Structures are given as structure tokens and as C-alpha cells.
Amino acid sequence: MQLCKLRDEIGHSKVGLVRNSQVFTLNLDRLPGIRSLSDILYSAEPMRTIQTLVDDRLTTFPFESRHALPPVDQQEVWAAGVTYKRSKQARESESAGAATFYDKVYTAQRPELFLKATAERVVGPWSHVRVRQDSRWTVPEPELAVFISPQLKIVGYSIGNDMSARDIEGENPLYLPQAKIYMQSCALGPVVTLPESMPATDLQRIDMKIERKDKLVFHGQTFRTEMARTLESLVEWLGRDNSFPHGAVLLTGTGIVPPDDFTLAMGDKITIEITGVGKLVNVVG
Ligand code: DO4
Ligand code: MG
């Protein structure tokens, strides 16, 4: 089962069930206490909740990711770093002075976790992601996003793009928040897949294409099995001495980094696909 957020004809945000590429609008008035997509994800039995909310009287329509909003409500978006060897190698090459930190964090018990975005900094499918004006070297980072309930349970999966200014990050690791957190630095969507509907880990492929003026300029792939940590351990570390009353979204790190001479340009189209979740398309604007 997959859920999405959409805007209706009069501009109201709605929650939809996506089934066989059709959207069934959910009627949230049918259950007390359910007012948002995250309320559904955090309910005791999300599948039952969804079945109760499906309004068969409403017409269905084809799902178009162009019309989907980012599937986030009030959650903070956090991110894990250096969870794949490729990311460790890329950081080591961009930051001569700090290279050993990345080597250490890849094997350390404690993972790298950082705040990536607030909901206002997140864009949905087909919206513009941005390159900072003071960055000359920025890349997208395609990452599996996990939705976490206030009780720290994994309740869904989506696709995230952790846009990263590699020059700012590489100049000094203390600049990491500036390299990572700025307006439109994070894309999420187009849907949230419930855990029951996710394929087995060894079948989860992450794929990223970057097109410039309709020509493919980068294509990379990785597999979830390449991740050096488990999702559960990342979530457990994130929850230590922390509380998330609105839940949280955690981007779980990138295993795909374009070569060091590649930087995004205005108009580039970024397509990220994750098996079982779908396809997230954004344009640099
Ligand atoms: O420390 C740098 C950030 C690493 C990161 O974002 C990733 O590995 O995905
Ligand atoms: Mg990242």
C-alpha cells in the first residue's frame, strides 16, 4: 500500500491511497483523531485505518507524481552520513584535511546523524531543488527515506534527495550544516510505501539519472545491501536522548556519488528510483 499527499481543485491538501496507479482520496472525517498522513502512519493498524478511510463514493483518478505534494507534515527531516563505502570515498577525496574523520565514522559504532531539513525546506516531486548561490560544486544524494513514528517505529518508506554542497562540506567539516541545510535542499516523495508492501532488502535497488538538456550526463546505481548499517540501528541511535512528537523522517545515506568533476547546473533533471517506492523527479531551479 502506498499513500500520497495531493492538492485538490480548491487548494486543500488531501491524502490519497495509490493502488494500481489510481488515487483513491481518503476521507479523514471518518475517524476521530486522524487529520493527516502522519496520523494514519502512526495509527495502531495503518492498513485497517486506510480501509476505513477509503471513500468508495468518490471517483478515483490516475496518479500523476507531478501533482503530489511532499509526503511530510510537521516532521523534522534527519539524515545519516557515510553509511555506504562510496560515500566514505567521496568525502575523503573532497576534504584532504578531514579525510580520517570519514574513515573513522564509517566503521564507528556511533553513526553520523544530522538534521537535514524542516518541513518548509522540503520540496515534492517535480519541484525545484536548489544549488546554493555560494557553492560551485553541488550534487544530489539519492537516499532511502524512512518515516518514523513518535514511538520510533519505522512506519513507511519514501525517496529522499539530500542535496549537498561538496565544496562547502569539503572546505571544513564544521560547515556541514551550511552544505546541507538551506531552502529547497531536500526533496521527498512521491509516495510513502507501508512496510508490508516493501520488497525484501536484497531486491531494493537505488538508481539515479541526471539529464542536462535531454542528454544523460550521469547514471549510477547501488543496492540497499551495500549499506553498512541497519535501518533499525540508525533509528535507535537517532532516538537516543531525543523525542519526536511529530515523528521524523530519516534519510539513510547515499551509495551513489557522481565523479568529482561533476556539479549540478541550472535546469538539470534528477530522477531517483527505488524499488518498491517509485520515482522521484526534480529539476534544479
Ligand atoms: O558527512 C557528510 C555527509 C554524508 C552524507 O550525507 C551521506 O553519506 O549521504
Ligand atoms: Mg547524504
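Here, every reference points to the structure presented above.
Since the structure is predicted, the reported quantities are computational estimates derived from the model, not experimental observations.

**Q** Help me understand the coordination of the magnesium ion (ligand 2) in this model?
**A** Each pair of donors in an ideal octahedron of six around a metal sits at 90 or 180 degrees, and each pair in an ideal tetrahedron of four sits at 109.5 degrees. Here the magnesium ion (ligand 2) is held by Glu-141 (OE), Glu-143 (OE) and Asp-162 (OD), and the distances to it run 2.0 to 2.1 Å. In primary-sequence terms, the residues that donate to the magnesium ion (ligand 2) follow E-x1-E-x18-D. Each member of the pair, Glu-141 together with Glu-143, is buried.

**Q** How should the pairing of strand E2 (residues 13–19) be read in this particular structure?
**A** Across a regular strand the side chains alternate sides, sitting on one face of the sheet and then on the other. Taken together, the six bridges between strand E1 (residues 2–7) and E2 define a ladder with antiparallel strand orientation. When the bridges of E2 are listed, Leu-6 appears paired with Lys-14. In this structure, the hairpin formed by E1 and E2 is closed by a connection of five residues, where Gly-11 is found at a positive phi of approximately 90°. Here four bridges tie E2 to strand E3 (residues 22–25), and the two strands are oriented antiparallel to one another. Residue Gly-16 lies in a different strand from E3, and its bridge partner there is Thr-25.

**Q** I'm lost on the pairing of strand E15 (residues 205–212) in this one. Help?
**A** Here E15 runs beside strand E16 (residues 215–223); their pairing, made up of eight bridges, is antiparallel. When the sheet's bridge partners are listed, Ile-206 is paired in E16 with Thr-222. Two successive antiparallel strands, E15 and E16, enclose a turn made up of two residues, where Lys-213 displays a positive phi of approximately 45°. Bridging between E15 and strand E18 (residues 269–274) involves six bridges; their strand directions are antiparallel. Note on E18: the bridge partner recorded for Met-208 is Ile-272.

About the thresholds
Residues numbered from 1 in each chain as written. Chains lettered and ligands numbered in written order. Predicted model: local features only at pLDDT ≥ 70, side-chain atom pairs only at ≥ 80, totals over all residues. Heavy atoms only, no water. Donors = N, O, S within 2.8 Å, 3.2 Å for Na, K, Ca; no water. Buried < 20%, exposed > 50% of the residue type's maximum accessible area, 1.4 Å probe, protein only. Pairing = 2+ DSSP bridges. Helix = DSSP H or I, 4+ residues; strand = E, 2+ residues; numbered from the N terminus.

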